[in-house]
Amino acid sequence: MTDSIQITDRGAVREIRIHRPEKKNALNTAMYSQLADAVAQAGAADSVRCALFAGSQGAFSSGNDIQDFLNNPASGEDHPVAQFMRVMADFPKPAVAGVLGPAVGIGSTLLLHCDLIYAGQGARFMLPFVNLGICPEFASSLLLPRMMGHPRAAELTMLAEPFDAAKAYEYGLINAVLDDSAVEESAFAIAEKLAAKPPRAMRTTKDLLKRWTKAQVQEAIREEAALFMPMLHEPEAREAFSAFVEKRKPDFSQFV
Ligand code: COA
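As the structure is a computational prediction, the values presented were derived from the model and not from experiment.

About the criteria used
- Per chain, residues are indexed from 1 in the order of the written sequence.
- Local features are withheld for residues below a pLDDT of 70 in this predicted model, meaning they are given only at 70 or higher, and side-chain atom pairs are given and counted only at 80 or more; totals for whole chains, interfaces and linings count all residues.
- Side-chain measures were taken over the full set of non-hydrogen atoms in the model, leaving aside hydrogen atoms and water.
- Residue types Ala, Val, Leu, Ile, Met, Phe, Trp, Tyr and Cys, when buried and joined through side-chain atoms within 4.5 Å, form a set referred to as a nonpolar core.
- The buried label goes to any residue with under 20% of its type's maximum accessible area, the exposed label to any with over 50%, and the partly exposed label to all in between, with areas taken from a 1.4 Å probe on protein chains only.
- The numbering of helices and of strands both runs from the N terminus, where a helix is a DSSP run of H or I of at least 4 residues and a strand a run of E of at least 2.
- Here, any two strands with at least 2 DSSP bridges between them count as paired.
- Centres within 6.5 Å make a pair out of two Phe, Tyr or Trp rings, where for Trp the six-membered ring is used; the pair is then stacked when the planes are under 30 degrees apart, edge-to-face when over 60, and tilted otherwise.
- Here, over-ring charges are defined by two tests on the NZ atom of lysine or the CZ atom of arginine: distance to the ring centre within 6 Å, and angle to the ring normal within 35 degrees.
- By definition, a salt bridge exists where a carboxyl oxygen of Asp or Glu is found within 4 Å of a side-chain nitrogen of Lys or Arg.

Enquirer: Looking at this structure, how should I read the nonpolar core?
Expert: Across soluble globular proteins, nonpolar side chains have a tendency to be buried as a group. Membership of the largest hydrophobic core comes to 67 residues, with the highest contact counts inside it found for Phe53, Phe84 and Phe125. In terms of residues, this core owes the most to one element, helix α1 (residues 29-44), which gives seven residues. In this structure, Leu52, Tyr118, Ala176 and Ala195 belong to the second largest nonpolar core, which totals twelve residues.

Enquirer: Is there a simple way to explain the sheet that holds strand β8 (residues 163-164) in this structure?
Expert: Pairing between sheet strands relies on hydrogen bonds along the backbone, with the strands arranged either parallel or antiparallel. Taken together, the three strands give an open sheet; going across it, the order is β5-β7-β8, and neighbouring strands pair in mixed fashion. Two strands in the sheet have a free side with no partner beyond their single neighbour: β5 (102-104) and β8. Inspection of the sheet shows strand β7 (residues 124-126) paired to β8 by two bridges, in the antiparallel sense. From the neighbouring strand, phenylalanine 125 faces β8, where its bridge partner is phenylalanine 163.

Enquirer: Please clarify how the packing of aromatic side chains should be interpreted in this entry.
Expert: Pairs of aromatic rings are described using the distance from one ring centre to the other and the angle between the two planes. On inspection of all chains with the given rule, the structure shows six aromatic pairs. Aromatic ring contacts, followed pair by pair, group Tyr32, Phe84 and Phe138 into a single cluster. Just above the ring of phenylalanine 188 sits the side chain of arginine 10; from NZ or CZ to the centre is 3.6 Å. Taking NZ or CZ as reference, arginine 211 lies 5.9 Å from the ring centre of tryptophan 212, over its face.

Enquirer: Honestly, the pattern of salt bridges in this entry has me stumped. Any pointers?
Expert: Inspection of every chain in the model, using the stated rule, returns 13 salt bridges. Linking arginine 10 and glutamate 15 is a salt bridge whose minimum nitrogen-to-oxygen distance equals 3.0 Å. Taking relative accessible area as the criterion, arginine 10 reaches 27% and is therefore assigned partly exposed. Residue glutamate 15 is classed as buried on the basis of its relative accessible area, which comes to 7%. For the salt bridge of lysine 167 with glutamate 155, the shortest nitrogen-to-oxygen distance reads 2.5 Å. Of the two residues, lysine 167 sits in helix α7 (residues 165-170) while glutamate 155 sits in helix α6 (residues 150-159), which places them twelve residues apart along the sequence. For lysine 167, a relative accessible area of 24% translates into the label partly exposed. Via salt bridges that share partners, Arg10, Glu15, Arg17, Glu184 and Glu185 belong to a single interconnected network.

Listed below in C-alpha cells is the structure:
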C-alpha cells in the first residue's frame, strides 16, 4: 500500500512509519485514523516498550494533506486528527523519532510529543501555519515557547520559514544531528536501549517528566483546534490552499 501507516515490531521496539512517499508522506484522514490506532495499540501492548516514529523514502512528513484541508477539512473533537493528538500527547512509553528530509507542520509538531529525536543533516523543518492562513496546533503554542523561549518560538511560527537540523538542535527541538545515512539505525539503536531498561521505572520517569504539563497540553490541543478548524474555512486559508494546489504564489493583499 502506498498510502498508509506501516507498523513493524523489531523486538520490543514498535516502529510506526508514515508511508505515502509520492506526497512526501502527507497525512490524510485515513492515515490519522491509522496513526491514532497505532499509538493506542503501542501504548497498550505489553510486548512493546518503545515506539519509533519514522517516515519513508527520505522524507519524514510534509504535514497535513493540503488537498484534504481544501476538500475535507477536519471538524470536531472526534476527528481522527484530534484523536491522534490526544493519544500521542498521552503516550505512556518512550517515543523516539528519526527524521530525514521534510518535517513540516504536524510533521514537526509531532516531534514535540516524542522523547528523543534524531535528525539527518538534510532534514528540513517548518511550522508554516501562518503562511497557510491557519494557526499552531498539537499544543505547539504552549510547548514551543516553553522549550525555546518566546523570540525563537515567534521566529518559527510567525516568520515561519524552513529551518535545518542545526537550527533545530540549537533551539532544543532535537537531540542530535546525524549523517542522513546514520539516522534510521541510530534512532533504532536508541529505541532498543530504552526498550531494554526496566519498563515500569521507564514509564514512571516519562510520566513524571510530562505530569506537570499534561492537563495544560490537552487543554492547548483543544483550544488551538477550536481556532484552527474554523480557520480552515476562512478566505485566507482557502487562498493559501488553492495556491499550493495550483502551484502559484498566494495573494493575501485583499485581506484585512
Ligand atoms: N499535502 C498535499 N500534497 C503534498 C503535500 C501536502 N502537505 N506536500 C507535498 N505534497 C505533494 C506535492 O504537491 C507534490 O505532488 P505532485 O507530484 O502531484 O505535484 C508531491 O507531494 C511532491 O512534493 P514536492 O513539493 O514536489 O516535493 P519537494 O521535495 O520539492 O518539497 C515539501 C517538499 C514538503 C517542502 C513541499 O512539498 C511542501 O512545502 N509541502 C507543503 C507542506 C505544508 O505546507 N504542509 C501543511 C502543513 S500544515
